[in-house]
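# Summary of the model geometry
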Amino acid sequence: MADLLTVAEARDFDGVVRALSDLFGDDATLFAIDHAFDRLVEVCADPSASASYPLDDDLRLAMLENRPQVVDDVRWFPISDREQPVLVVRTDASAPPPSEQLVTLLGPIANGHRHRFEELERVRRRTEMSVAAEMQWAALPNRADLLGEYAIGSVLEPAYEVAGDAFDYAASDGAVWAYSLDGMGHGVAATMASVLALSAIRNARRTGHGLDEQMNRASAALFAEFDGGCFVTALGCRIDADGVQFVNAGHEPAWRVTGGTVSRLDLHAELPLGVVGDHAYEVQTRPTLGRGDGVALFSDGPSNARSPAGSLYGSDRLRDRIEAHWSETPLRTAHDVIGDVLSYIDGGRVTDDITAVVIHRRTGRGGA
């Protein structure tokens, strides 16, 4: 534990690298996962000399599922802040793996250092990030987490040029809350609108208000700022033992997974946030989730994506892909579904943000 304390107390980037090297041994190499989650980038004292390696299918799947992977006598294992992979360590497969307790404690420390020492963040960027994306990512939670008996995974594409989509989740008042938002337009203006709406929702939630009042206040905040000239569609979700509640402010409907079968929920769509100064949103309630069941929230980016030939991705294919990729690891589900959307586009330009938030009620005892 003394070595772990040295990592926690590191006061600069070089100190972090030295402490981690001492922790894992001279033969270990430390990597970060890039924002697009398709390459490993070496973390070293000289970031300009960092090597990078593609995440092939098997290794990428292991990192999404937070489990070690042995490839050609090399062991790769993720260091995760709960469900969010932060760093990856490469060692010889014959070397003893680190203890599970060490890895569990190291993840939150490493994630804190990633926000503290910008070399750890810079190495994750393979291209320049737009100002809008910088603003958006700064406002968002981790891409994955565990909240009680619910696991959450989320994806936002394109990672470096976000154009107004946002997501959020939290545990409060004995429930899990999740949100998907889509700001009108593109660039900084759309990001400002979605961040304002997200901040108003959080403010109302932290005051103790339910979904309806959260959306009411977010709508009022947007209207006060833009006078109806800018709006945000939003879908809020509250899950507890009594059922699942939704408020749909002009957003794509949610998808529900029950017993492995996926269905699109028939949710009445009300006005987007910010269209008028005063609108009373209504809560729509659905039955509670069983173990292994879940909910998926998407922006309109996936269903509206088009192939190079112009054909629409569509809701039927989206439903099929959710069902095909549903798993115990919602971060994997979210990445696999959005990966299929990007493959469908086949290298074409992503003209609208593509966002997924997947909530999975775990099947193990006590939710474990």
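Provided above is the structure to which this section pertains.
The following refers to the structure shown. If you're wondering where the values come from, they're calculated on a predicted model, not measured in any experiment.

Now for the pattern of salt bridges. Evaluated as defined, the whole model comprises 20 salt bridges. Across the pair Asp-168 and Arg-205 runs a salt bridge whose closest N-O atoms are separated by 3.2 Å. In this pair, Asp-168 is assigned in strand 9 (residues 165-172) and Arg-205 in helix 7 (residues 187-207), connecting sequence segments 37 residues apart. Side by side, Asp-168 and Arg-205 carry an identical accessibility label, which is buried. Here Arg-317 ties to Asp-340 by a salt bridge, and the two come within 3.0 Å at their closest N and O atoms. Separated by 23 residues along the polypeptide, Arg-317 in helix 10 (residues 314-325) and Asp-340 in helix 11 (residues 330-345) bring together distant segments of the chain. Taking the relative accessible area as the measure of exposure, Asp-340 reaches 15% and is therefore buried.

Let us now look at the sheet that holds strand 9. As summarised here, the arrangement of the 5 strands in space is 9-10-11-12-15, forming an open sheet in which the pairing is antiparallel. Where the open sheet ends on each side, the last strands, each with one partner, are strand 9 and strand 15 (284-286). Put simply, the sheet's adjacent strands are angled 15 degrees from each other on average, direction ignored. Two elements, strand 10 (residues 175-183) and strand 11 (residues 232-240), share 8 bridges in a ladder whose sense is antiparallel. Residue pairing across strands places Asp-182 opposite Thr-233, the latter belonging to strand 11.

Moving on to the sheet that holds strand 2 (residues 39-42). The strand order across the open sheet formed by 6 strands is 3-2-1-6-5-4, and the pairing between neighbours is antiparallel. A strand with exactly one partner marks an edge of an open sheet, and here the two such strands are strand 3 (52-54) and strand 4 (69-71). Between one strand axis and the next, the sheet turns through 30 degrees on average, direction left out of account. Where strand 4 meets strand 5 (residues 74-81), 3 bridges bridge the pair, whose relative direction is antiparallel. In the strand pairing of strand 5, Val-70 is matched with Arg-75. Packing against the sheet, helix 4 (residues 100-116) makes contact with strand 5 and strand 6 (84-92), and its axis sits at approximately 65 degrees to strand 5.

Membership of the largest hydrophobic core comes to 49 residues, with the highest contact counts inside it found for Leu-181, Phe-246, Leu-273 and Leu-297. Per-element accounting of this core gives the leading share, 6 residues, to strand 10. Counting residues in hydrophobic clusters, the runner-up holds 26 residues, among them Leu-4, Val-16, Leu-30 and Val-103.

Parameters and conventions
- Residues numbered from 1 in each chain as written.
- Predicted model: local features only at pLDDT ≥ 70, side-chain atom pairs only at ≥ 80, totals over all residues.
- Heavy atoms only, no water.
- Salt bridge = Lys/Arg side-chain N within 4 Å of Asp/Glu carboxyl O.
- Helix = DSSP H or I, 4+ residues; strand = E, 2+ residues; numbered from the N terminus.
- Buried < 20%, exposed > 50% of the residue type's maximum accessible area, 1.4 Å probe, protein only.
- Pairing = 2+ DSSP bridges.
- Axes fitted to C-alpha atoms, helices over the stretch in contact; angles between N-to-C directions.
- Contact = heavy atoms within 4.5 Å.
- Core = buried A, V, L, I, M, F, W, Y, C linked by side-chain atoms within 4.5 Å.

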